[in-house]
Amino acid sequence: MQVLVFNNADATPKTERIECSAESVPLIMAWYGSHFAGDRYTVALDGRNVRIDQNGEPVGLKERE
């Protein structure tokens, strides 16, 4: 299981933690990005920051595996 953490400066609660499979990470990130578009947020996967594109989808995630 992977641990995906969203830290959102504009939402309440500020932090959401999700335990998920590696295959579901891009889908969850795309969903979060679509629902919180315009918010200031960061994403961490297993304690490491994940770069996101303008749509909230992961950039360079395949290279980390």
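Residues numbered from 1 in each chain as written. Predicted model: local features only at pLDDT ≥ 70, side-chain atom pairs only at ≥ 80, totals over all residues. Heavy atoms only, no water.

A look at the pairing of strand β3 (residues 41–45)
- Within β3, 4 of the 5 residues are buried, which leaves it mostly tucked inside the rest of the structure.
- Summarising the sheet, strand β1 (residues 2–8) and β3 pair through 5 bridges and their orientation is antiparallel. When the bridges of β3 are listed, Val 5 appears paired with Ala 44.
- Here β3 runs beside strand β4 (residues 48–49); their pairing, made up of 2 bridges, is antiparallel. Opposite Ala 44, over in β4, you have Asn 49 as the bridge partner. (Buried < 20%, exposed > 50% of the residue type's maximum accessible area, 1.4 Å probe, protein only. Helix = DSSP H or I, 4+ residues; strand = E, 2+ residues; numbered from the N terminus. Pairing = 2+ DSSP bridges.)

Here we look at the environment of Asp 10
- Here Asp 10 is to be found in the loop between β1 and β2 (15–20).
- By relative accessible area, which is 37% here, Asp 10 ends up partly exposed.
- For Asp 10 and Gly 38, which are 28 residues apart along the polypeptide, the C-alpha to C-alpha distance reads 9.1 Å.
- Once you skip the residues sitting within four places of it in the chain, Asp 10 turns out to touch Gly 38, Asp 39 and Arg 40.
- A polar side-chain atom of Asp 10 sits 2.6 Å from a polar atom in the side chain of Arg 40. (Contact = heavy atoms within 4.5 Å. Polar contact = N/O pair within 3.5 Å; in protein donor to acceptor, adjacent residues only side chain to side chain.)

Looking at the packing of aromatic side chains
- Tallied over the entire structure, the rule returns 4 aromatic pairs.
- Their ring planes at 55 degrees and their centres at 6.5 Å tell us that Phe 6 and Tyr 41 sit as a pair that is tilted. With a gap of 35 residues between them, Phe 6 in strand β1 and Tyr 41 in strand β3 connect regions that are remote in the sequence. The residues Phe 6 and Tyr 41 share a single accessibility class, namely buried.
- Consider the rings of Tyr 32 and Phe 36, whose centres lie 4.4 Å apart with planes at 25 degrees: the pair is stacked.
- Given a relative accessible area of 5%, Tyr 32 falls into the buried group.
- A relative accessible area of 24% means that Phe 36 is categorised as partly exposed. (Phe/Tyr/Trp six-rings, centres within 6.5 Å; stacked < 30°, edge-to-face > 60°.)

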